[in-house]
Amino acid sequence: MVAAGRFAPGHLGELTQQVPFEMVDEALASTGRVQARVRDLPSRVVVYLLLAGALFAGAGYRQVWARLVAGLGGLAVAAPTSSALAQARRRVGAAPLQALFGLLAGPAAGAARWRGLLVCAVDGTTMFVPDSPANLGCYGRQSGSHGGSGYPMLRLVAVVACGTRTILGAVFGPYRAGELSYAPRLLTCLRPGMLLLADRNFAVAGLFRQIASTGADLLIRCKNGRALPATSCLPDGSWLTCCGPLTLRVLDAEITATLGGRTQHTGRYRLVTTLLDHRRHPALELVKLYHQRWQIETAYLELKSTILGGRVLRARTPAGIDQEAHALLVTYQALRLAIADATIGHPTTGPDRASFTIALQAAREQVIQAAGVIAAETIDLAGAIGRHILDNLLPARRLRVSPRAVKRPLSRYAYKSLRVDRRTYQATISIDILTNPPSP
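Bear in mind the structure is a predicted one, so any value in this text is a computation, not a measurement. (Residues numbered from 1 in each chain as written. Predicted model: local features only at pLDDT ≥ 70, side-chain atom pairs only at ≥ 80, totals over all residues. Heavy atoms only, no water.)

**Section: the packing of aromatic side chains**
- Counted by the stated rule, this structure contains four aromatic pairs.
- Measuring from ring centre to ring centre gives 6.3 Å for Y269 and Y290, while their planes differ by 70 degrees; the resulting arrangement is edge-to-face. Taken as a pair, Y269 in strand 10 (residues 263-273) and Y290 in the loop between helix 9 (283-289) and helix 10 (294-307) lie far apart in primary sequence, 21 residues in all.
- Classification of Y269 as partly exposed rests on a relative accessible area of 25%. (Phe/Tyr/Trp six-rings, centres within 6.5 Å; stacked < 30°, edge-to-face > 60°. Helix = DSSP H or I, 4+ residues; strand = E, 2+ residues; numbered from the N terminus. Buried < 20%, exposed > 50% of the residue type's maximum accessible area, 1.4 Å probe, protein only.)

Next comes the structure, spelled out in structure tokens:
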């Protein structure tokens, strides 16, 4: 079952239940992009075309349209040209996609919580855009001694809920602006009861104060040699320090990883946090919790490698890139919400064991079949996508594998033969909280 008449091609398969017609219509109405008359390509249909374009990143928009109508046998549907599809995308613009992302953004059920705090992470990444004069003037290239990047680049900075890896907020723009320039625009998605994890690039005093002003707590790594003199020492080895008007707690830890019972790697971490109570928030647990920050790196991998397949974005104008990037974020969020729905009723199966690749492939199949567009009377949170996920769960703990040689060189003529020696390591981690704070 799909929408009637000319709206029939406007769907996202089973993901339409995550992005329902009413939500898209609300985004269009709030941005004034509802069509003045019913066309062969109504605005709602164009929005779903853009979302499906993110699912099928390797196909042109005419091929994406063919997938949207493949399961609509017996219905009279339009056969628009490439020019008609381009005009329709320009007519709708980026504002409805941005509004739609605003409606979907937020933590899903099952997001990681630690001692009552919602754990989330902030970080940035880059994406390539087509090498057109308009994109080059807007976004710029990465400079370098070998001519810089081959394509212009945009910078994306997001806040992700750990566990479900849903996006709480995201901003993007020219590459030439750094992550710290975009980070303050994300503060509106922070609330009391959240704990924000970040790497050393975000260890800036001004940003500490801005995050604390939202009521959210922070746990951020800083440079080991940073001067943070102790105002008082705590029994667990951490100490308090002053950062302007803000009081922070500092944790120094030495982490040793023993691989295969033989090889050892030792590193030192210094973390700062606004969680000052050493009894309620022990130092050792905070150091272990910081490892959750890597989940935002996994989210970027899913976005750029799994969905896009490492491809450059399509649009050749900044307005088109704005539209396409928001469509990509909406589609990623819809997939992550579907994964959270599938795993919510399984206490031993968290979102970490759900394969994002399986979810993506299942969603593509549902689009082609035009299946599960409208929910049945009996509520099925898992659906077809969820059943594919639950039938193909990842191992609870994957073994660490280290390839000792390149398996697939960039040039087929570079080597006559390759010998690959793969070792599987079981890592043992030990953490020591250091108790030597600097003097005030």
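**Remarks on empty space enclosed by the protein**
- Tallied over the entire structure, the rule returns three cavities of 30 Å³ or more.
- Reported here for the largest cavity is a volume of approximately 90 Å³.
- Around the largest cavity, the lining is made up of 13 residues, and of these V122, A183, L187, L196 and I211 lie nearest the centre.
- Looking at the lining of the largest cavity, the elements with two or more residues in it are strand 5 (194-198) and helix 8 (205-213).
- Each residue belonging to the lining of the largest cavity can be placed in one class, and the counts come to 13 nonpolar, no polar and no charged. (1 Å grid on protein atoms, 1.4 Å probe; cavity = no way out; pocket = protein on both sides within 12 Å on 5 of 7 lines; lining within 4 Å. Points joined across faces, edges and corners; volume = space filled by probe spheres on them. Nonpolar A, V, L, I, M, F, W, Y, C, P; charged D, E, K, R; others polar.)

**Some thoughts on unusual backbone geometry**
- In this structure, R115 is a non-glycine residue whose phi angle is positive, near 50 degrees.
- With respect to the secondary-structure elements, R115 resides in the loop between strand 1 (113-114) and strand 2 (117-128).
- Despite not being glycine, R165 shows a phi value in the positive range, around 60 degrees.
- Relative to the elements of secondary structure, R165 occurs in the loop between strand 3 (153-161) and strand 4 (167-174).
- Given a relative accessible area of 11%, R165 falls into the buried group.

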